[in-house]
Amino acid sequence: GENVEQHPSTLSVQEGDSAVIKCTYSDSASNYFPWYKQELGKRPQLIIDIRSNVGEKKDQRIAVTLNKTAKHFSLHITETQPEDSAVYFCAATLGGGFKTIFGAGTRLFVKA
Amino acid sequence: NAGVTQTPKFQVLKTGQSMTLQCAQDMNHEYMSWYRQDPGMGLRLIHYSVGAGITDQGEVPNGYNVSRSTTEDFPLRLLSAAPSQTSVYFCASSTQGRDQPQHFGDGTRLSIL
């Protein structure tokens, strides 16, 4: 079946450094790629998303890039802060646009 | 505006028992879905619905039933609970149309002994 692979599974950075999380997807018809942040014991919450007609999108310290040819997309967090520590999930909607498949998650630790 | 409300928050069942996890949303969202979250495996889609009366299977549908009689409610039923169904269950909803972000509930932590 279709899948989304996410790397790394764990990422530890020093406060102020950048963090990059990478995902690949298998369904070439996917058009929507959201990223969710989940703090311990909480619900996943959307932090940024990108659609297939855009190559890059930024929102303050967070940016996402998409390479449709390579079926690859990435999350970039600059100037990391301790409150960025959480699990981050990438996802892709399958070609029909209603089924969302998630990556396995990346646990980000930001050390003060 | 409560968003997506899941009940109960915690539940312990014995193997073989049945149970319904409740999910309700007050945002008039057409699309609703159920996920299970297990350590190291992300969120896996169980069932989803694109509107009242319409449901479909996700990645891991076995052992679960759903129905969608109203826009607001999307219950998930476990007919005969098994230890492998021990997990955290999240319900989510999104507005009408393809390729939309999802709003999640707070989750139900389910343990099956």
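Note that the structure is a prediction, hence the values are computed from the model and not measured.

A tally of helices and strands in chain A yields 0 helices and 11 strands. Going from the N terminus to the C terminus, chain A shows its helices and strands as β-β-β-β-β-β-β-β-β-β-β. In summary, chain A has a C-alpha radius of gyration of 13 Å against a globular reference of 13 Å for 112 residues, a match within 12%. Projected onto the principal axes, the alpha-carbon positions of chain A cover approximately 40 × 30 × 20 Å. Put simply, chain A has 112 residues, and 44% of those count as buried. In chain A, the proportion of contacts linking residues at least 24 apart, taken out of those at least 6 apart, comes to 53%. Carbon and sulfur atoms make up 47% of the accessible area of chain A, which amounts to about 5,400 Å² in all. Each charge class in chain A was averaged separately, 13 positive and 12 negative side chains, and the resulting centres sit 5 Å apart.

This part takes up the layout of surface pockets. Summary: where empty space remains is shown by rolling a probe the size of a single water molecule over the atoms. The calculated volume of the largest pocket comes to roughly 700 Å³. Forming the walls of the largest pocket are 33 residues, and the residues nearest its centre are Gln38, Leu40, Gly41 and Arg107 of chain A together with Gln37 of chain B. Secondary structure elements with two or more residues in the lining of the largest pocket: strand 9 (86-93) and strand 11 (106-111) of chain A together with strand 9 (87-94) and strand 11 (108-112) of chain B. In terms of residue class, the lining of the largest pocket is built from 12 nonpolar, 14 polar and 7 charged. Taken as a whole, the second largest pocket encloses approximately 150 Å³ of empty space.

Enumeration over the complete set of coordinates arrives at 1 cavity of 30 Å³ or more. There is about 40 Å³ of room inside the largest cavity. In this structure, the largest cavity is lined by Thr93, Gly97, Phe98 and Thr100 of chain A together with Tyr31, Ser94, Gly97, Arg98, Asp99, Gln100 and Gln102 of chain B. Of the residues belonging to the lining of the largest cavity, the class tally is 2 nonpolar, 7 polar and 2 charged.

Here we take up the sheet that holds strand 3 (residues 19-25) of chain B. Residues and elements named next belong to chain B. Reading across from one edge, 1-3-8-7 is the order of the 4 strands in this open sheet, with antiparallel pairing throughout. Each having just a single partner strand, strand 1 (4-7) and strand 7 (64-66) make up the two edges of the open sheet. Direction aside, the axes of adjacent strands within the sheet are offset by 20° on average. The pairing of strand 7 with strand 8 (residues 76-78) spans 3 bridges and is antiparallel. Pairing of Tyr64 across the sheet is with Leu78, part of strand 8.

Quick look at the sheet that holds strand 7 (residues 62-67) of chain A now. Residues and elements named next belong to chain A. As summarised here, the arrangement of the 5 strands in space is 1-3-8-7-6, forming an open sheet in which the pairing is antiparallel. The open sheet terminates on both sides in strands that have one partner only, identified here as strand 1 (4-7) and strand 6 (56-59). Taking each pair of neighbouring strands and ignoring which way they run, the sheet shows an average axis angle of 15°. Of the strand pairs in this sheet, strand 6 and strand 7 are connected by 4 bridges, and their pairing is antiparallel. Bridge assignment links Asp59 to a residue of strand 7, and that residue is Ile62.

At the junction of the two partners, chain B supplies 23 residues and chain A supplies 21 residues. Between chain B and chain A, roughly 1,900 Å² of surface is buried when both sides are summed, and carbon and sulfur atoms account for 53% of that area. Scanning the region where chain B abuts chain A turns up 1 salt bridge. Residue Arg43 of chain A pairs with Asp106 of chain B through a salt bridge whose shortest N-O separation is 2.6 Å. At the junction of chain B with chain A, the criterion picks out 8 residue pairs in polar contact (both at pLDDT 80 or more). Broken down by secondary-structure element, the contributors of at least two residues to the side of chain B that touches chain A are strand 4 (31-37) and strand 5 (43-51) of chain B. The leading source of residues in the side of chain B that touches chain A is strand 5 of chain B, at 4 residues.

This brings us to the side chain of Gln37 of chain B. Relative to the helices and strands, Gln37 of chain B is located in strand 4. Given the relative accessible area of 16%, Gln37 of chain B is considered buried. Polar contacts involving the side chain of Gln37 of chain B include one to the side chain of Gln38 of chain A, which spans 2.7 Å. Setting aside residues up to four positions removed in sequence, Gln37 of chain B forms contacts with Gln38 and Phe89 of chain A together with Gly42, Leu43, Ser87, Val88 and Phe90 of chain B.

About the thresholds
Residues numbered from 1 in each chain as written. Chains lettered and ligands numbered in written order. Predicted model: local features only at pLDDT ≥ 70, side-chain atom pairs only at ≥ 80, totals over all residues. Heavy atoms only, no water. Helix = DSSP H or I, 4+ residues; strand = E, 2+ residues; numbered from the N terminus. Rg over C-alpha atoms; globule rule 2.2 N^0.38 Å. Buried < 20%, exposed > 50% of the residue type's maximum accessible area, 1.4 Å probe, protein only. Contact = heavy atoms within 4.5 Å. Areas by Shrake-Rupley, 256 points an atom, 1.4 Å probe, with all protein chains shown as cover. Lys, Arg positive; Asp, Glu negative; His and termini not counted. Charge placed at Lys NZ, Arg CZ, Asp CG, Glu CD. 1 Å grid on protein atoms, 1.4 Å probe; cavity = no way out; pocket = protein on both sides within 12 Å on 5 of 7 lines; lining within 4 Å. Points joined across faces, edges and corners; volume = space filled by probe spheres on them. Nonpolar A, V, L, I, M, F, W, Y, C, P; charged D, E, K, R; others polar. Pairing = 2+ DSSP bridges. Axes fitted to C-alpha atoms, helices over the stretch in contact; angles between N-to-C directions. Buried area = accessible area lost by both parts, 1.4 Å probe. Salt bridge = Lys/Arg side-chain N within 4 Å of Asp/Glu carboxyl O. Polar contact = N/O pair within 3.5 Å; in protein donor to acceptor, adjacent residues only side chain to side chain.

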